Amino acid sequence: MEMPFDALSDVSDEALLVLYANGDPAAARALTLRLAPRVLAVATRMLSDRAEAEDVTQEAMLRLWRVAPDWRQGEARVSTWLYRVVCNLCTDRLRGRRRRASTTLDDAPEPCDAAPGVEAAMIEGDRMRALDAALAALPERQRQAVVLRHLEGLSNPEIAEVMQVGVEAVESLTARGKRALAALLAGQRAELGYGEG
């Protein structure tokens, strides 16, 4: 039986997945609208390639739909499981890139939204490209930890579950990643419109 779409906004991810497994297409729509943008953001940050990130998002969501009938509530949060799948898919793609060696990590960014002024849009675009390039230069595990913590807002215990490491390892990876980002971006403050400092 399909629940009204409006009634699903307060339903947990886990309950939506169970509803979908029981044949409710509105639950799948609600879960997709809730999770796909977050998954796409993580994949985009990790891969620095919007098209590849969209492919990863689609694959991750397909895997979620495949496990829905066998989902065991209480073992893991849906979002945590999905982040783990996305991180693994991104890692596989990054390793494939290294093997092919013809693809670079600093692909052209998406065009900026025209809403802000042209100068502000250009500065923001430069900042995002600098951040993406610096993130791409980090080791994979540090990049994952930094993206999940500081760009997606996950807690250290959630990241530990996604990355299948201890909380202390997450803290170490995040700290090393932040230090490496600071070093990579050092000297670019004025160039990126932050003035002297």
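Up top is the structure these notes are about.
Analysis parameters
- Residues numbered from 1 in each chain as written.
- Predicted model: local features only at pLDDT ≥ 70, side-chain atom pairs only at ≥ 80, totals over all residues.
- Heavy atoms only, no water.
- Helix = DSSP H or I, 4+ residues; strand = E, 2+ residues; numbered from the N terminus.
- Buried < 20%, exposed > 50% of the residue type's maximum accessible area, 1.4 Å probe, protein only.
- Contact = heavy atoms within 4.5 Å.
- Areas by Shrake-Rupley, 256 points an atom, 1.4 Å probe, with all protein chains shown as cover.
- Salt bridge = Lys/Arg side-chain N within 4 Å of Asp/Glu carboxyl O.
- Phe/Tyr/Trp six-rings, centres within 6.5 Å; stacked < 30°, edge-to-face > 60°.
- Core = buried A, V, L, I, M, F, W, Y, C linked by side-chain atoms within 4.5 Å.
- Domains from an automatic or database assignment.
- Axes fitted to C-alpha atoms, helices over the stretch in contact; angles between N-to-C directions.
- Parallel < 35°, antiparallel > 145°, perpendicular 65-115°, else oblique.
- Left-handed = near helix turned anticlockwise from the far one by under 90°.
- Nonpolar A, V, L, I, M, F, W, Y, C, P; charged D, E, K, R; others polar.

So, on to the overall build of the protein chain. Scanning the protein chain from terminus to terminus reveals eight helices and zero strands. The linear arrangement of helices and strands in the protein chain, starting from the amino end, is α-α-α-α-α-α-α-α. With 197 residues in all, the protein chain has 39% of them scored as buried. Of the contacts formed within the protein chain by residues at least 6 apart in sequence, a portion of 60% connects residues at least 24 apart. Split by element, the accessible area of the protein chain, about 10,900 Å² in all, is 53% carbon and sulfur.

With that settled, the discussion passes to the pattern of salt bridges. A complete count under the given rule lists seven salt bridges for this structure. Between R34 and D13 there is a salt bridge, with its nearest N and O atoms 2.7 Å apart. Here R34, found in helix α2 (residues 25–47), pairs with D13, found in helix α1 (residues 13–21); they are 21 residues apart in sequence, far enough to count as distant. On the accessibility criterion, D13 (12% relative accessible area) is buried.

This part covers the packing of aromatic side chains. One pass over the structure, following the stated rule, counts two aromatic pairs. Ring centres of Y20 and W65 lie 4.7 Å apart, and the angle between their planes is 50°; this geometry places the pair in the tilted category. Pair noted here: Y20 is in helix α1 and W65 is in helix α3 (residues 50–67), with a separation of 45 residues, a long-range link.

Turning to the nonpolar core, a few remarks are in order. Residues L17, L64, L82, V86 and L148 are the most contacted members of the largest nonpolar core, which totals 49 residues. Elements represented by at least two residues in this core include exactly α1, α2, α3, α4 (78–100), α5 (118–137), α6 (140–151), α7 (156–163) and α8 (167–185). Per-element tally for this core: the top contributor is α2, with twelve residues. In this structure, this core is formed jointly by two domains, domain 1 (11–103) and domain 2 (117–196), each of which donates at least three residues. Beyond its immediate sequence surroundings of up to four residues, L17 is in contact with L31, L64, W65, A68, W71 and V78.

Remark: α6 packs on α7, axes separated minimally by 10 Å, with the N-to-C direction vectors making an angle of 140°. The orientation of α6 with respect to α7, classified from their angle, is oblique. Crossing angle aside, the handedness with which α6 passes α7 is right-handed. Here α6 contributes R141, Q144, A145, L148 and R149 to the contact with α7, which in turn contributes N156, I159, V162 and M163. Grouping the constituent residues of the contact of α6 with α7 by class yields five nonpolar, two polar and two charged.

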